[in-house]
Amino acid sequence: MNTERAEKILALQLDWVRTADSKVPPLFAINIAMLGLLAALIKMLPVWTISTAVACSISAIPILLSLGFLALAIFPRLDGPKESNVFFGGISKQSEAKFKENFFKASDSEIQDDLLGQAYRNAEIAAKKYANVKLAFMFTFFSVLPWVFAVYFLYV
C-alpha cells in the first residue's frame, strides 16, 4: 500500500515536470519569431537612427533573456542517487546484473524510500523549471511593447 502511494506521488511529480516542459516550445517559437522579424527588418534598414537602435535593443534584450531562462528550464540538473532502483541515471550507472541484484534484494521499505526520494528530487526539478518558465514568460511579456515600437521604427 505505501509503495503504491509512493509511486503515485512520483507520478504526480513527473506530470508537473512534463507540464513545465510543454510550455517551453511554444514560447521558444514566439521568441525566435520575434527575433527573426527584427533581424530581417534590420537587414533591410538603410540608415540607423537612435530611436531605432534603442527600440531594437530594448526589445531584443528581454527576448534573449527569455530564451536563456527557457534553456535553463528545458535542461535542468539531473543529479540523483547513484545506486537508485528508480532514477534512470542511477540505474544506468550500474551494470544490468548489479541493478537486478540490488532490486531483488531491496526490501519494500527501501523501495518506498527510493521512490519517495525520487519524488522529492522531481519536485525540486519541477519547481526550478516552473521558476525559469515564469521568468521566461515575464521577459517575453516585457519585450512585446518595445518590440512593436522597434518593428514600427524599422518599417518607417
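Residues numbered from 1 in each chain as written. Predicted model: local features only at pLDDT ≥ 70, side-chain atom pairs only at ≥ 80, totals over all residues. Heavy atoms only, no water.

Undergrad: Help me understand helix H2 (residues 24–44) in this model?
TA: Quick reminder: α-helices carry 3.6 residues per turn. Residues three or four places apart thus point the same way. With 21 residues, H2 ought to run about 30 Å at 1.5 Å a step, and its terminal C-alpha atoms sit 30 Å apart, in line with that. Tucked inside the fold, the buried residues of H2 contact helix H1 (2–22), helix H3 (50–74) and helix H6 (108–155). (Helix = DSSP H or I, 4+ residues; strand = E, 2+ residues; numbered from the N terminus. Expected span 1.5 Å × (residues − 1). Contact = heavy atoms within 4.5 Å.)

Undergrad: Before we go on, may I ask you to explain the nonpolar core in this structure?
TA: The tendency in soluble globular proteins is for nonpolar side chains to be buried side by side. Counting 21 residues, the largest nonpolar core has Leu38, Leu70, Trp147 and Leu154 as its most contacted members. Only H2, H3 and H6 provide two or more residues apiece to this core. For this core, the element with the highest residue contribution is H3, accounting for eight residues. Among the nonpolar cores identified, the runner-up in size contains six residues, and Ala6, Ala106, Ile111 and Leu115 belong to it. (Core = buried A, V, L, I, M, F, W, Y, C linked by side-chain atoms within 4.5 Å. Buried < 20%, exposed > 50% of the residue type's maximum accessible area, 1.4 Å probe, protein only.)

Undergrad: For this particular structure, what's the right way to read the side chain of Gln13?
TA: As for its placement among the helices and strands, Gln13 is situated in helix H1. Beyond its immediate stretch of four places on either side in the chain, Gln13 contacts Ala119, Asn122 and Ala123.

Undergrad: When you look at a nonpolar patch on the surface in this model, what are you seeing that I'm missing?
TA: Side chains of Ile50, Val54 and Ile58 sit close together on the surface and give an oily, nonpolar patch of about 300 Å² of accessible area. Summarising the element assignment, Val54 is placed in helix H3. Residue class for Val54 comes out partly exposed when judged on its relative accessible area of 40%. (Patch = residues over 30% accessible without salt bridge, like charges linked within 9 Å, V, L, I, M, F, W, Y side chains within 5 Å. Areas by Shrake-Rupley, 256 points an atom, 1.4 Å probe, with all protein chains shown as cover. Salt bridge = Lys/Arg side-chain N within 4 Å of Asp/Glu carboxyl O.)

Undergrad: Where do I start with the UniProt feature "transmembrane region" (unreviewed entry) in the chain in this structure?
TA: The sites that carry the UniProt feature "transmembrane region" (unreviewed entry) are, in the present numbering, residues 24–42, 48–75 and 135–155. Across residues 48–75, the secondary structure splits into 89% helix and 0% strand, with the terminal C-alpha atoms separated by 37 Å. Segment residues 135–155 splits into 100% helix and 0% strand. End C-alpha atoms: 30 Å apart. (UniProt positions renumbered as here; feature names shortened; annotations may be inferred.)

Undergrad: Sorry if this is basic, but what is going on with the packing of H1 against H2 here?
TA: Between two packed helices, the angle of one axis relative to the other and the distance separating the axes together describe the packing. Orientation of H1 relative to H2, taken along the N-to-C sense of each, is 15°, at an axis distance of 5 Å. In terms of their interaxial angle, H1 and H2 are classed as roughly parallel. Across the interface between the two elements, Ala20, Asp21 and Ser22 of H1 pack against Val24, Pro25 and Pro26 of H2. Along the lines of polarity and charge, the residues of the contact of H1 with H2 split into four nonpolar, one polar and one charged. (Axes fitted to C-alpha atoms, helices over the stretch in contact; angles between N-to-C directions. Parallel < 35°, antiparallel > 145°, perpendicular 65-115°, else oblique. Nonpolar A, V, L, I, M, F, W, Y, C, P; charged D, E, K, R; others polar.)

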